[in-house]
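Each chain is listed here by its residues.
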Amino acid sequence: MWTATLCYPMRGSEVLLIYKRRGFGAGKYNGVGGKIEPNEDMWTGVKREVKEEVGLELLQVTYKGVLEFYAEEDVPDIIVHVFTSTRFRGDPKPSEEAIPQWFKIDKLPFDLMWEDDKIWLPHVLAGKTIYGRFWFKKDYSKMLSYKLDVYQ
Ligand SMILES: Nc1nc2c([nH]c(=O)n2[C@H]2C[C@H](O)[C@@H](COP(=O)(O)OP(=O)(O)OP(=O)(O)O)O2)c(=O)[nH]1
């Protein structure tokens, strides 16, 4: 089991996604983030990942909830803390891991994203807070079921 962060920097009606070049979810568009390191809190982790992957310095983040991913076991395999940010410094730059790209919030490339994102991400980008649980096949090739709670 590992814990990760996912951040969605927002600029007006646009959101920053990355095209992931390597690692888990390579070839997909996603928010910016990665695994939280030992002895690191999630706030430090999300700021570090955004700096490493796209070169933005986050000046503010808002916590938008948690996702749990189950891979045919009773305990979660991956726990992801989700954030948005409207205040950051710098211009997004590509790195070895990621190519950043701004998208209109109502034109996200869901066909090129994780299968679960179309279920929960629109709520987050509309300002809601979420608790999502997603059951996947062991190799993450397919989502089997989900439960989503949405809070104001
Ligand atoms: N949007 C979305 N993101 C997901 C899903 N599953 C999942 O792990 N993620 C995110 C959480 C992390 O931000 C990212 C996976 O972490 P990573 O492998 O990039 O971690 P990392 O940057 O630390 O990479 P590395 O050091 O292991 O190479 O993918 C999902 O179903 N949807």
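Residues numbered from 1 in each chain as written. Predicted model: local features only at pLDDT ≥ 70, side-chain atom pairs only at ≥ 80, totals over all residues. Heavy atoms only, no water.

- Under an unreviewed UniProt entry, the name given to the chain is Oxidized purine nucleoside triphosphate hydrolase, and the organism recorded is Thermofilum adornatum.
- If you open the UniProt record of the chain and go to Cofactor (unreviewed entry), you find "Mg(2+)".
- UniProt lists a comment for the chain under the heading Sequence similarities (unreviewed entry), and it reads "Belongs to the Nudix hydrolase family." (UniProt positions renumbered as here; feature names shortened; annotations may be inferred.)

### Looking at the site of the ligand
- Of all residues adjacent to the ligand, which total 21 residues, the nearest are Lys20, Asn30, Lys35, Asp116 and Asp117.
- Residue Asn30 places a side-chain N or O atom 2.7 Å away from a nitrogen atom belonging to the ligand.
- In the model, an oxygen atom of the ligand is placed 3.0 Å from a nitrogen or oxygen of the Glu97 side chain.
- Protein coverage of the free-state accessible area of the ligand, which is 660 Å², stands at 85%.
- Secondary structure elements with two or more residues in the shell around the ligand: strand E1 (2–11), helix H1 (42–54), strand E5 (78–89) and helix H2 (117–125).
- A total of 5 residues in the shell around the ligand trace back to one element, the largest contributor, which is E1.
- For the shell around the ligand, the per-class residue count stands at 10 nonpolar, 4 polar and 7 charged. (Near = heavy atom within 4 Å. Polar contact = N/O pair within 3.5 Å; in protein donor to acceptor, adjacent residues only side chain to side chain. Areas by Shrake-Rupley, 256 points an atom, 1.4 Å probe, with all protein chains shown as cover. Helix = DSSP H or I, 4+ residues; strand = E, 2+ residues; numbered from the N terminus. Nonpolar A, V, L, I, M, F, W, Y, C, P; charged D, E, K, R; others polar.)

### Some points on the pairing of strand E4 (residues 57–71)
- With respect to burial, E4 is a largely interior element, 11 of its 15 residues being buried.
- Bridge count for E4 against E5 is 10 bridges, and the pairing is antiparallel. If you follow Tyr63 over to E5, its bridge partner there is Phe83.
- Here E4 hands over to E5 after 6 residues, with Glu72 in that stretch at a positive phi of 60°.
- Note: E4 against strand E7 (residues 129–136), 7 bridges, orientation parallel. Within the sheet, the bridge partner assigned to Gly65 lies in E7 and is Ile130. (Buried < 20%, exposed > 50% of the residue type's maximum accessible area, 1.4 Å probe, protein only. Pairing = 2+ DSSP bridges.)

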